[in-house]
Amino acid sequence: MAFSIKTFAIAAALGAFAVPACAQNAATPWELKPDTGYAYDKEGKTFSYKMGTSNAGELLKGAKKVPKGTLFFIGQNGQLYMRSGQYLEGDGRFKFGPDQ
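Residues numbered from 1 in each chain as written. Predicted model: local features only at pLDDT ≥ 70, side-chain atom pairs only at ≥ 80, totals over all residues. Heavy atoms only, no water.

(A) Representation of the environment of Tyr 38 within the structure. Among the structural elements, Tyr 38 can be located in strand E1 (residues 36-40). Along the sequence, Tyr 38 and Tyr 49 sit eleven residues apart, while their C-alpha atoms lie 6.4 Å from each other. Of the polar contacts made by the side chain of Tyr 38, one reaches the backbone nitrogen of Lys 33; its length is 3.0 Å. (Helix = DSSP H or I, 4+ residues; strand = E, 2+ residues; numbered from the N terminus. Polar contact = N/O pair within 3.5 Å; in protein donor to acceptor, adjacent residues only side chain to side chain.)

Okay, here's the thing in structure tokens:
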């Protein structure tokens, strides 16, 4: 079973959305586990898998690094999106946060 780094990052993003926010403007780092693959399947479900090292070369074939500065989010239609570019204001606040 082959996983791509993009799939891994997308599923990890979903995990970040599954945790309720304690503070509206507080950013929380993702807690990704070593030797674990994260998947976002064709039906929009997320999964995590225990990974081994015997076929790591195959895993990396076709995989792409996620660029720094990438934001993952779920739209109102339930679809997962990713956006590269500015997502923080000059003062460090989240640009797309709740209206104040």
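Anyway, onward from the coordinates.
(B) The pairing of strand E3 (residues 70-74), seen in detail. Bridge count for E3 against strand E4 (residues 80-84) is five bridges, and the pairing is antiparallel. Counterpart to Ile 74 in the pairing with E4 is Leu 80. Counting the residues that bridge the hairpin from E3 to E4 gives five residues, and of these Gly 78 lies at a positive phi of roughly 85°. (Pairing = 2+ DSSP bridges.)

(C) Representation of the pattern of salt bridges in the model. Overall, the coordinates contain one salt bridge when judged by the stated rule. Note that Arg 93 and Asp 91 form a salt bridge whose closest N and O atoms lie 2.8 Å from each other. The exposure class assigned to Asp 91 is exposed, which follows from its relative accessible area of 53%. (Salt bridge = Lys/Arg side-chain N within 4 Å of Asp/Glu carboxyl O. Buried < 20%, exposed > 50% of the residue type's maximum accessible area, 1.4 Å probe, protein only.)

(D) Broad picture of a nonpolar patch on the surface. A grouping of Leu 88, Phe 94 and Phe 96 is seen on the molecular surface, where their side chains present a nonpolar patch of about 260 Å² in accessible area. Turning to its location among the elements, Phe 96 is positioned in the segment after E4. (Patch = residues over 30% accessible without salt bridge, like charges linked within 9 Å, V, L, I, M, F, W, Y side chains within 5 Å. Areas by Shrake-Rupley, 256 points an atom, 1.4 Å probe, with all protein chains shown as cover.)

(E) Focus on the environment of Met 82. In this fold, Met 82 is placed in strand E4. Put simply, Met 82 and Thr 70 are twelve residues apart on the chain and 6.6 Å apart in space, counted from C-alpha to C-alpha.

(F) Just the confidence of the model for the protein, in detail. Averaged over every residue, the pLDDT of the protein is 77; residues scoring 70 or more account for 72%. Of all helices and strands in the protein, the one with the weakest mean pLDDT is helix H1 (residues 5-18) (57), whereas strand E2 (residues 46-50) scores best (89). (pLDDT = per-residue confidence, 0-100.)

(G) Quick look at the side chain of Thr 70. Position of Thr 70 among the secondary structure elements: in strand E3. At 2.6 Å, the side chain of Thr 70 forms a polar contact with the backbone oxygen of Pro 67. Look past the residues within four positions of Thr 70 in its chain and what remains in contact with it is Met 82, Arg 83, Ser 84 and Tyr 87. (Contact = heavy atoms within 4.5 Å.)

(H) Seen up close, unusual backbone geometry. With a phi close to 60°, Asp 35 is a non-glycine residue in the positive phi region. Secondary-structure assignment places Asp 35 in the loop between H1 and E1.

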